[in-house]
Amino acid sequence: MKPKRWIDKANVAIEGIIYSVKTQRHMRYHLVAALGVLLVGLSVNISRTDFILLSMAIVLVLVTEMLNTALEVAVDMIAEEYHPKAKIAKDIAAGVVLVASICALILAYLILYPAIREAWERGICKLPKAPHDVIAFVSLAVVVITVVFLKAVLGKGDPLRGGMPSGHAAVSFSIWITTIYLSGSLPIIVLTFILAAMVSWSRWSSGVHQPQEVAVGALLGAGVTLVLLQLFR
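Counting of residues starts from 1 at the beginning of each chain's written sequence and follows it residue by residue. With the structure being a predicted model, the display of local features is reserved for residues of pLDDT at least 70 and the display and counting of side-chain atom pairs for 80 or more, all residues being used for whole-chain, interface and lining totals. Processing note: side-chain calculations cover all non-hydrogen atoms of the structure and skip hydrogens and water entirely.

Take the pattern of salt bridges next. Oppositely charged side chains can form a pair if their charged atoms are brought close together. Take a side-chain nitrogen of Lys or Arg and a carboxyl oxygen of Asp or Glu: if they are within 4 Å of each other, that pair is a salt bridge. Here the structure, examined in full by the defined rule, presents 3 salt bridges. The partner of Lys-90 in a salt bridge is Asp-76, with the nearest N and O atoms 2.5 Å apart. With Lys-90 in helix H4 (residues 84-122) and Asp-76 in helix H3 (residues 48-78), this residue pair connects regions lying 14 residues apart in the sequence. Note on classification: 1.4 Å probe, protein chains only; a residue is buried when its accessible area is under 20% of the maximum for its type, exposed when over 50%, partly exposed between these limits. In this structure Asp-76 comes out as partly exposed when scored by relative accessible area, which is 42%. The way it works is that DSSP assigns letters per residue, a run of H or I at least four long becomes a helix, a run of E at least two long becomes a strand, and they are numbered from the N terminus.

What follows is the structure in structure tokens.
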């Protein structure tokens, strides 16, 4: 049955993402590589433009990998037995992922290698400062990727309903920690904390999540964001 509510459509979309992470080894490799690239980019303080280019390359690789997975499932459903044209379709889809991955790898090398060499020359142990908003978005990406990994590995609950950890709690508390550093305004900090607490409470009180799932999500979101902001701010 085709979902009608936007929340159901989002749930179905996230189910697809988690399915690809859970079933496709290369998708997990790509996510780990994305985490590494983003964290290295922070460590060597690349420019905002370079971060944008790397983010676009990461998205391109992830999108092509998911499209490859979708095509493989569709082909397997139509052609239950071996067929040469089914093999060609799968090979082409895999080739698209390979081209995107090679291009992303070349781009990462061109951006990161000079920055890493410069960081090594000035002393790699001294972490550079990075803009707070860049750190905030990288932190949020790390939190989301970690939540997807955990939900895919544990395989409990729907993406937006149940399961360990609570993604809503993780994202809301990550945003709260970010406001502490970006705004510096006590009223805003208090209000965003109340909002994060309300979001987390709603997941618990409605029976969507267990208390420990909400707590782990909140700690994950706040902890990752706090560590990255402390390291690179």
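The rest of the description comes next.
Axes here refer to lines fitted to C-alpha atoms; in helices the fit is confined to the stretch in contact. Angles between the N-to-C directions go from 0 to 180 degrees. Where helix H5 (residues 132-154) meets helix H8 (residues 211-232), the axes come as close as 9 Å, and the angle between the chain directions of the two elements is 145°. Note on packing geometry: the crossing formed by H5 with H8 is right-handed. Counted together, His-132, Ile-135, Ser-139, Val-142, Val-143, Thr-146, Val-147 and Leu-150 of H5 and Leu-220, Gly-221, Val-224, Thr-225, Leu-228, Leu-229 and Phe-232 of H8 form the full contact between these two elements. Tallied by class, the residues present in the contact of H5 with H8 amount to 10 nonpolar, 5 polar and no charged. Crossings are classed by handedness, with left-handed meaning an anticlockwise turn of the near helix from the far one by less than a right angle and right-handed meaning a clockwise turn. By definition in these notes, contact holds between two residues if any of their heavy atoms fall within 4.5 Å. Residues are grouped as follows: nonpolar covers Ala, Val, Leu, Ile, Met, Phe, Trp, Tyr, Cys and Pro; charged covers Asp, Glu, Lys and Arg; every other residue, Gly included, is treated as polar.

Turning next to helix H7 (residues 186-205). In this scheme, a helix's expected span is set at 1.5 Å multiplied by one less than its residue total. Over its 20 residues, H7 runs 28 Å from end to end, which matches the ideal 28 Å to within 8%, given 1.5 Å per residue. Regarding H7, the residues found buried are Ile-189, Thr-192, Ala-196, Ser-200 and Arg-203. Each buried residue of H7 sits inside an arc of 75° when the element is viewed along its axis, so together they form one side. Turned more than 90 degrees from where H7 packs its buried face, Leu-186, Pro-187, Leu-191, Leu-195, Met-198 and Trp-201 sit exposed. On the buried face of H7, the contacting elements are helix H6 (167-182) and H8. Phi for Gly-207, located one or two positions after H7, is positive at around 85°. Arc definition: it is the arc formed by the directions from the helix axis to the C-beta atoms.

To continue, consider the environment of His-168. Summarising the element assignment, His-168 is placed in helix H6. A relative accessible area of 28% places His-168 in the partly exposed class. Taking the C-alpha atoms as reference points, His-168 and Val-216, separated by 48 residues in sequence, lie 11 Å from one another.

Glancing now at the packing of aromatic side chains. Centre distance within 6.5 Å is the pairing criterion for rings of Phe, Tyr and Trp, where only the six-membered ring of Trp is used; planes under 30 degrees apart are then read as stacked, over 60 as edge-to-face, and the remainder as tilted. Evaluation of the coordinates by the stated rule reveals 5 aromatic pairs. Between Trp-176 and Phe-193, the aromatic rings sit 4.9 Å apart at their centres with planes inclined by 55°, giving tilted as the arrangement. Of this pair, Trp-176 sits in helix H6 while Phe-193 sits in helix H7, and the two are 17 residues apart along the sequence. One aromatic cluster is present, formed by Phe-173, Trp-176 and Phe-193 through successive ring pairs.

Here the focus is the nonpolar core. Of all hydrophobic cores here, the largest spans 42 residues; its most connected members are Leu-42, Ile-46 and Leu-112. Residue assignment for this core shows that the elements contributing at least two residues are helix H1 (6-23), helix H2 (25-43), H3, H4, H5, H6, H7 and H8. Looking at this core element by element, the count peaks at 8 residues for H5. Once you skip the residues sitting within four places of it in the chain, Ile-46 turns out to touch Gly-41, Phe-51, Leu-54, Ile-111, Leu-112 and Ala-115. Residues belong to one nonpolar core when they are buried, are Ala, Val, Leu, Ile, Met, Phe, Trp, Tyr or Cys, and are joined through side-chain atoms within 4.5 Å.

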